[in-house]
Amino acid sequence: VNIYYEGTNEYEFYKAIENYRNFLSAIGDKQKYYATWEKEVKYNVYHNHFRHALKNTEHLKEVLQADNAEDYYYMVDYLMGFFYGMRENNELSKEFLKKAAEKVNPDKNNEALIQIYQTLANICIFKNLEESLEGYMWAEKAIKASKDLIELSSSLSLKAMIAFGHYDRDTFEKCYYEIEKIRKEHPDD
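Quick caveat, the model's predicted, so the values are computed rather than measured. (Residues numbered from 1 in each chain as written. Predicted model: local features only at pLDDT ≥ 70, side-chain atom pairs only at ≥ 80, totals over all residues. Heavy atoms only, no water.)

Novice: Break down a nonpolar patch on the surface for me, citing the residues and quoting the values.
Specialist: Judged by side-chain polarity, Y20, F23 and I27 come together as a nonpolar surface patch covering roughly 300 Å² of accessible area. On the secondary structure map, I27 appears in helix α2 (residues 10–27). (Patch = residues over 30% accessible without salt bridge, like charges linked within 9 Å, V, L, I, M, F, W, Y side chains within 5 Å. Areas by Shrake-Rupley, 256 points an atom, 1.4 Å probe, with all protein chains shown as cover. Salt bridge = Lys/Arg side-chain N within 4 Å of Asp/Glu carboxyl O. Helix = DSSP H or I, 4+ residues; strand = E, 2+ residues; numbered from the N terminus.)

The structure is reproduced here in structure tokens:
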């Protein structure tokens, strides 16, 4: 699926993802099955197939409800937030992403929660002062939720970008120092 995701042959992508989804369904791997819907929605958005992306998101919602998969209900709001973010409607994007963050069980989907926090922080980069302060809050939440060095570094980088966009040299330097410290202490990670 991944080879076609980056390519230009849409027919091959849809065929590959459908075959993979059927395989996952047959072996009962619900988590990866749901993830294929997320991947397809994102693919459709990146390729400007917006109606198809919304249709797939609605289908995912129906599947999740039918499976009573409450731990994954956040995905629908996350995808709607992603959709509106890519359409440059940041207000609706933030609204859906905040709903998604409220639905995530951090004990079961911490990576998803960090991704949502990072997306919210990213929306606030280079915005007005009030929004950049909100961006700091989301970046801090991502930093606190981070359980590994990659998550921590990427969250610190977002906070540094927000600081850079508003000439907050102290915060930028603190984040940069922490990132460099991680890099030096863990060169192979």
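Okay, back to it.
Novice: So what's going on with the packing of aromatic side chains? Residues and values would help.
Specialist: All told, the structure shown has 12 aromatic pairs when counted by the stated rule. Taking 5.5 Å as the distance between ring centres and 90 degrees as the angle between the ring planes, the aromatic pair formed by Y46 and F82 counts as edge-to-face. Of the two residues, Y46 sits in helix α3 (residues 30–46) while F82 sits in helix α5 (residues 74–86), which places them 36 residues apart along the sequence. A centroid spacing of 5.7 Å and a plane angle of 10 degrees characterise the contact between Y84 and F96, whose relative ring orientation is stacked. With a gap of 12 residues between them, Y84 in helix α5 and F96 in helix α6 (residues 90–103) connect regions that are remote in the sequence. Stacked on the ring of F82, the Lys or Arg K42 has its end atom at 5.4 Å from the ring centre. Cation over ring: K99 sits above F96, and NZ or CZ is 5.0 Å from the ring centre. (Phe/Tyr/Trp six-rings, centres within 6.5 Å; stacked < 30°, edge-to-face > 60°. Lys NZ or Arg CZ within 6 Å of the ring centre and 35° of its normal.)

Novice: Could you give an account of α5, naming the residues involved and the relevant values?
Specialist: Between its terminal C-alpha atoms α5 stretches 18 Å, which fits the 18 Å expected from 13 residues at 1.5 Å a residue. Of all 13 residues making up α5, 10 are buried, and the element is well covered by its neighbours. Buried residues along α5 sit in contact with α3, α4 (50–66), α6 and α7 (106–123). One or two positions beyond α5, positive phi appears at E88, with a value near 65 degrees. (Expected span 1.5 Å × (residues − 1). Buried < 20%, exposed > 50% of the residue type's maximum accessible area, 1.4 Å probe, protein only. Contact = heavy atoms within 4.5 Å.)

Novice: Please give an account of the pattern of salt bridges that cites residues and values.
Specialist: Per the stated rule, a full pass over the model turns up 13 salt bridges. When the shortest N-O distance is used, the salt bridge between D77 and K103 registers 2.4 Å. Taken together, the residues D77 in helix α5 and K103 in helix α6 connect sequence positions 26 residues apart. Judged by relative accessible area, D77 falls into the buried class, the value being 8%. By sharing partners, the salt bridges in this structure join K94, K98, E131 and E134 into a single network.

Novice: Explain the packing of α6 against helix α8 (residues 129–145) to me, using residue names and the numbers behind them.
Specialist: At a minimum axis separation of 14 Å, α6 and α8 run at an interaxial angle of 25 degrees. Considered as vectors, α6 and α8 are oriented roughly parallel to each other. For the element pair α6 and α8, the recorded crossing hand is left-handed. Contact residues: E91, K94 and K98 in α6; E131, E134 and W138 in α8. Tallied by class, residues from the contact of α6 with α8 come to one nonpolar, no polar and five charged. (Axes fitted to C-alpha atoms, helices over the stretch in contact; angles between N-to-C directions. Parallel < 35°, antiparallel > 145°, perpendicular 65-115°, else oblique. Left-handed = near helix turned anticlockwise from the far one by under 90°. Nonpolar A, V, L, I, M, F, W, Y, C, P; charged D, E, K, R; others polar.)

Novice: So what's going on with the nonpolar core? Which residues, and what values?
Specialist: Residues Y34, Y74, Y78 and I116 are the most contacted members of the largest nonpolar core, which totals 41 residues. When residues of this core are assigned to their parent elements, the largest contribution, eight residues, is made by α7. Ignoring sequence-local partners within four residues, the contact set of Y74 consists of A100, K103, V104, N109, A112 and I116. Among the nonpolar cores identified, the runner-up in size contains six residues, and L156, C175, I179 and I182 belong to it. (Core = buried A, V, L, I, M, F, W, Y, C linked by side-chain atoms within 4.5 Å.)

Novice: Any chance you could break down the side chain of T36 for me, citing the residues and the numbers?
Specialist: Mapped onto the elements of the fold, T36 is located in helix α3. In this structure T36 comes out as buried when scored by relative accessible area, which is 4%. Here Y33 takes part through its backbone oxygen, which lies 2.5 Å from a polar atom of the side chain of T36. When residues no more than four places from it in sequence are discounted, the contact partners of T36 are I17, Y20, R21 and L24. (Polar contact = N/O pair within 3.5 Å; in protein donor to acceptor, adjacent residues only side chain to side chain.)

Novice: Tell me what's going on with the side chain of S146, and back it up with residues and numbers.
Specialist: Structurally, S146 can be placed in the loop between α8 and α9 (149–165). A distance of 3.5 Å separates the side chain of S146 from the backbone nitrogen of L152, its partner in a polar contact. Every residue in contact with S146, bar those within four places of it in the chain, is listed here: I114, E151, L152 and S155.

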